[in-house]
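Geometric and topological summary
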Amino acid sequence: WQMKNVKNIKKIILDTNIKNMVTLLKSFSLNNLELIEKTLNENDYQELLNCSDVVLIPYDQAIYHSNTSGIFTEAVGAGKPVIVTKNTWMSYYLDKASGIEIEYNSESLSRAIIKIANDYVNYKKYANIQKNEWIKYHNPNNFFSILTSV
């Protein structure tokens, strides 16, 4: 299963918790994709998030079944389509985001990237709609409102 000529997506953020996903992405050898493998300071991370087209979050299902992800939260809040592993906390929130859940294998990943690339305009449009809803709920004022109402 090979990916070639993926249009519309130029930059993907990958959380490198899973090293073999990095190896897998390198094997695709796509000229128009940039894989960032270094630790970033806050400003560089924010800049990268802002200019990225898709955020790939291939977390381990056993660990992230109920654990949260700051990267997922920030990606949705930034209006980015996401690709997440099935049966994780992030996959349960895809109805509040724009993205695809994948099995942890190369075929599923390839299909997800191609699917988003082929319909990127709609994924991005929906991500921007969901961004506004996400930010309405996930903000300090709402947090304190919920906290004080208990």
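It should be noted that the structure appears before, not after, this text.
1. Focus on the pattern of salt bridges
- Enumeration over the complete set of coordinates arrives at three salt bridges.
- Put simply, Glu103 and Lys86 hold a salt bridge, and the shortest N to O gap is 3.4 Å. Separated by 17 residues along the polypeptide, Glu103 in the loop between β4 (99-102) and α6 (106-118) and Lys86 in the loop between β3 (82-85) and α5 (89-92) bring together distant segments of the chain.
- Here Lys136 and Glu133 are joined by a salt bridge, their closest N and O atoms 3.3 Å apart. On the criterion of helical spacing, the pair formed by Lys136 and Glu133 is a turn pair, its members being three residues apart in helix α7 (residues 120-137).
- Glu133 sits in the partly exposed class, given a relative accessible area of 45%.

2. Description of a nonpolar patch on the surface
- Taken together, Phe143, Phe144 and Leu147 make up a surface patch of nonpolar side chains, about 330 Å² in accessible area.
- Structurally, Leu147 can be placed in helix α8 (residues 140-148).

3. Quick word on the nonpolar core
- Formed by 17 residues in total, the largest nonpolar core has its most connected members in Leu49, Val55, Ile57, Phe72, Val82, Val84 and Met90.
- Residue assignment for this core shows that the elements contributing at least two residues are α2 (42-51), β2 (54-57), α4 (70-77), β3 and α5.
- Top contributing element to this core by residue count: α4, with three residues.
- Formed by 11 residues, the second largest nonpolar core is a distinct cluster that contains Leu56, Ile102, Ala112 and Tyr123.

4. A closer look at the packing of α4 against α7
- Relative orientation of the contacting elements α4 and α7 amounts to 120°, with a least axis distance of 8 Å. Our classification of the angle between α4 and α7 gives oblique. Of the residues in α7, those touching α4 at Phe72, Thr73, Val76 and Gly77 are Lys131, Trp134 and Ile135.
- Along the lines of polarity and charge, the residues of the contact of α4 with α7 split into four nonpolar, two polar and one charged.

Cut-offs used in this document
Residues numbered from 1 in each chain as written. Predicted model: local features only at pLDDT ≥ 70, side-chain atom pairs only at ≥ 80, totals over all residues. Heavy atoms only, no water. Salt bridge = Lys/Arg side-chain N within 4 Å of Asp/Glu carboxyl O. Helix = DSSP H or I, 4+ residues; strand = E, 2+ residues; numbered from the N terminus. Buried < 20%, exposed > 50% of the residue type's maximum accessible area, 1.4 Å probe, protein only. Patch = residues over 30% accessible without salt bridge, like charges linked within 9 Å, V, L, I, M, F, W, Y side chains within 5 Å. Areas by Shrake-Rupley, 256 points an atom, 1.4 Å probe, with all protein chains shown as cover. Core = buried A, V, L, I, M, F, W, Y, C linked by side-chain atoms within 4.5 Å. Axes fitted to C-alpha atoms, helices over the stretch in contact; angles between N-to-C directions. Parallel < 35°, antiparallel > 145°, perpendicular 65-115°, else oblique. Contact = heavy atoms within 4.5 Å. Nonpolar A, V, L, I, M, F, W, Y, C, P; charged D, E, K, R; others polar.

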